[in-house]
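Commentary on secondary and tertiary structure
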Amino acid sequence: MSAPWLFTAGRADPSLYAELRAELSNADRIDVLVSFITWSGLRKIIDVLEAVTAPSASGSPGTRLRIITTTYTGATESEAVEKLARLPGVELKISLDGQRSRLHAKAWMFHRKTGFGSALVGSANLSASALLNGIEWTVKFTQAGQADLFAAATAHFETLWNDAEFQRFDPGNEEHRQRLRSALGEARNPSRGTRVVALPTWFDLRPRAFQEAMLERLASERRHGRHRNLLVAATGTGKTVVAAFDYLRQVQSQGTPPRLLFVAHRLQILQQAMATFRQILRRPDFGELLADGAEPQACQHLFASIASLDSRRLLEKYGVDYWHTVIIDECHHLPAASFRRFAQAVQPKALLGLTATPERTDGASVTAFFDARPNGSPAVELRLWDALDQQLLAPFEYYATADETDLHTVRWGRPQQEREDLSNILGADHARARRIINALEHYVDRRDAVRAIAFCVDIAHANFMAERFSETGWSAMAVTSQTSREDRASAPARLTSGALQILCTCDLYNEGVDIPDANTLLFLRPTQSPVVFAQQLGRGLRLAPGKESCLVLDFVGRIKEGFRFDRIYQAVTGLTRRQLQQEMEQGFASLPPGCHIQFDRLARERVLDALRAVANQSWRRLTGELVAFAQGRPRDSIHLTQFLAEQCLEASDLYSTSRSSSGWSALKRAAGLEVRDAGPDEAYLGKRLTALLEVNDDERVVLMRRIAMRDPSLRTGNDPRTCRQLQMLAYQLFGQRNVLMDGAGFLDRLERSPRIREELGELAAWIDLHADLEPEPLPGTPDDWPLLLHGTYSRAEILSAIGFWSPEVRDLVQTGLHNIKPLKLQLLFVTLDKKEGFHERIAYHDYAISPELFHWQSQNNAGPETASGRIYTQSASNGWRFQLFVRETPTHPFIALGPATLDGEPTGEKPMSMIWRLERPVPIAMFRRFSVLRA
């Protein structure tokens, strides 16, 4: 059967159970994906499984099975897992996280050497009710009839199979069996287990993918010489766990646990932190307490309250540099006198501050105690999207409704005037208040379940809205700076209990106040501040018993052109401006679990119009923004990085190969800030500089700065690596293949266009904000190749770096392979999406299976018996080596993934499919870009 078929448990339908038994009986290899496995389901098919897996005379099992399942909610039964895993040829992996589950898919994939594979995908778990009694829908499709679907299912299964969340279960290992039973018990009774936001394995805890990314960010900051770091993440997302994993890396690099001081203001926090460190370090006796009467025997690894540190004067006793690592939890308390004295005095090798709320209601600064990134942001911030995807926060349902209030006259971007204008327009608008109340009553299902915070413009507006809500039967109260201290303190508890349904406030609950039971947010004050928008949204995302999601109602008024919707939505989605526009047009199809974003027709049109206006930044508008930015500033203090940051622009807004004008020099000329003569190549190179926006390493940043400063050693030096770097940049900027030059010739051309030479320095400063690559030479390549592992390079740069392009030669190369026969080295150039957009239509031929494994399909002429195919199939003995360069689309640069060796035998022929094992795993952020999974 090549046509797909739907099994619905209908009277006329064939039996899913019978079809499953038939498919199991004649497959060479089977992959199974189910949320849970029960004995009642397994025993229905155990006879078939025992028959097909029975070993032959050689001892090899007949059919091999790979099974992925979970402990989610404790529905899986350990006896069934053990029975299944003991069958010959069965490999079973299971997620031990019973509180959260990413795996809700149910699928059976039957692989056959003939190429006539098939799959059953639907709603049925491995349980009796699913196979026989329940109303389950399952689709059957085939490898021959629906090749794209089968390839997609295969790619997703392979990626999940290699996901660290799913641990291989050994039924002969008593520790595995005990840990499985314990995990199932904790999932059935969540209060029995201690919830640590990390990845549970059989023996220890590992960082989750988002935590790995945060750890990589911390390491990058320290490579840049910034050792006093602030980590910002919402309450409940595992900040202490990240700190413990970061310390574990210090232990591994030092060879022994360096001196540690963990500081907090409450004993409970210290006790929980010490327990977390002990669990992650696997040292049950690690650390000692100094707080509330607890006395340490030594101060090598100390968890201490700030009061005890202060009263004992430990910094004076041991010295400000006694501890290698100092961690300050809840560091938004730093402006308090005792915290401030301590933070200003202590001088560890690594200082790490942890907070959910770096902004304080009293206006005191926390960031001043830490090394900010060059753009002023904290060292590490947990993206809201990551926290939602990991189910660390409550999902939100965001509904934007068109509001006919005319906001054209609001002076956006000037806080005082903006507030005054909004107050005059919204402060006593009865019609708008009625529309807001109607929207609330439209979207809520039960009035008595509502626990809402309404964010208003000012005190008068909060009082006005509280009165309007109360008039229509809602229990509402305005909570502002004019409210008595007693009422302010009791209001959150009254909201939690249901005595209040709506708290109307202005700024008071933007930050620093935790009300987990808040399940509804009303955005009644329009804002284009991403900080305010994200803070307000965060007030409703804390997890709480019985809270399924947070309802968010926003109201989109008639706003003048130029309102920056992109800023606020980028703050919460983490999407680029282009991705945001695509999601708006497609109805936000790619959201974290449980989240929903919906605009009514008019609101959607208004926001999309604003997004398109910003996305199509006209040169005239950019010129006007630079003119306004430059007012009152000395010309020598006007820099690209500051301009982009303050105007919330991206470098790609200025640099473009498709626009007649491009670049910082051209924009300054248009704004009248640059009056010196333009060089002959200035217009051309202004466009070509676009190719440098994705540089991600310090080596090229240093080279660009040296060129900008006219470093004479660039001409006189003879370092082969620097010469190749100059050649790379020369052929990157001068794209015509008929233009030949060496490094000195390149520098001469830049001297004729000196504004571009200077612009290289400006651009280098911007790149340095984003360049976070650890400088490691590309393994397995000659020393004079100036390529770095995981560096981003165009094909022109790679060909120049390896010496194939030189001052004398610049031959055309467009194939996906480049053989260097003297070195027996093949460079593989892989483009994941060769046509329409990787995120819109994924081709399941080339993709990252895991940070260590990459699936690749050869060129069409390569088969097991061809000369080009034998390079791979015999690579274990023929001496050929391989370097993998991968990019997402033809407009992206390649990323050097490094040496790769064949993992297993290739399948198919002309083309062949094969899996490469990378010598070095790719960073998590890169893996996400190359994976078929959304997160």
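What counts, and where the lines are drawn
- Residues numbered from 1 in each chain as written.
- Predicted model: local features only at pLDDT ≥ 70, side-chain atom pairs only at ≥ 80, totals over all residues.
- Heavy atoms only, no water.
- Pairing = 2+ DSSP bridges.
- Helix = DSSP H or I, 4+ residues; strand = E, 2+ residues; numbered from the N terminus.
- Contact = heavy atoms within 4.5 Å.
- Axes fitted to C-alpha atoms, helices over the stretch in contact; angles between N-to-C directions.
- Expected span 1.5 Å × (residues − 1).
- Buried < 20%, exposed > 50% of the residue type's maximum accessible area, 1.4 Å probe, protein only.
- Polar contact = N/O pair within 3.5 Å; in protein donor to acceptor, adjacent residues only side chain to side chain.
- pLDDT = per-residue confidence, 0-100.

Where an unreviewed UniProt entry is consulted, the protein appears under the name DUF3427 domain-containing protein, with the organism given as Denitratimonas tolerans.

Before going further, it helps to examine the sheet that holds strand S14 (residues 301–305). Across the sheet, which stays open at both edges, the seven strands sit in the order S13-S14-S12-S15-S16-S11-S17 with parallel pairing between neighbours. Both outer strands of the open sheet, strand S13 (288–290) and strand S17 (380–381), are each paired with one neighbouring strand and no more. Its contacts with the sheet place helix H8 (residues 239–254) against strand S11 (228–232), strand S12 (260–264), S14, strand S15 (325–328) and strand S16 (350–355), and it is angled at close to 165 degrees to S16.

Between the first and last C-alpha of helix H6 (residues 174–188) there are 21 Å, a value that for 15 residues agrees with the 21 Å anticipated at 1.5 Å per step. Buried within H6 we find His 176, Arg 177, Leu 180, Ala 183, Leu 184, Gly 185 and Ala 187. The elements touched by buried residues of H6 are helix H3 (78–85), strand S4 (90–95) and strand S8 (166–168). The N-cap residue of H6 is Asn 173: its side-chain oxygen and the backbone nitrogen of Glu 175 are 2.8 Å apart.

Let's shift gears to the sheet that holds strand S2 (residues 29–33). Spatial strand order, S1-S7-S6-S5-S2-S3-S4-S8: eight strands in an open sheet with mixed pairing. Only two strands of the sheet have a single partner each, and these edge strands are strand S1 (5–7) and S8. Adjacent strand axes in the sheet meet at a mean angle of 15 degrees when their direction is disregarded. Of the strand pairs in this sheet, S4 and S8 are connected by three bridges, and their pairing is antiparallel. From the neighbouring strand, Lys 93 faces S8, where its bridge partner is Arg 168. Most of the contacts of helix H1 (residues 16–24) go to strand S5 (residues 106–111), to which it runs at about 35 degrees, and overall it touches S1, S2, S5, strand S6 (118–122) and strand S7 (138–142).

With that out of the way, let us pick up the environment of Leu 789. Structurally, the position occupied by Leu 789 is in the loop between helix H31 (754–770) and strand S25 (792–793). Along the backbone, Leu 789 and Arg 64 are 725 residues apart, and their C-alpha atoms lie at a distance of 37 Å. Residue contacts for Leu 789: discarding those within four places in its chain leaves Leu 773, Glu 776, Pro 777, Leu 778, Pro 779, Ala 896, Leu 897, Gly 898 and Arg 920.

Next up on the list: the confidence of the model for the protein. Reading predicted coordinates in detail is not appropriate for stretches of low pLDDT. Here the protein shows a mean pLDDT of 87. Residues at 70 or above account for 93%. Within the model, pLDDT remains below 50 along residues 836–842, and this stretch shows 12 contacts once partners closer than five positions in the same chain are excluded.

This paragraph deals with the environment of Val 81. Assignment of secondary structure puts Val 81 in helix H3. Looking at Val 81, the relative accessible area reads 0%, which means it is buried. Aside from chain neighbours lying at most four places away, what touches Val 81 is Thr 76, Leu 92, Phe 169 and Leu 180.

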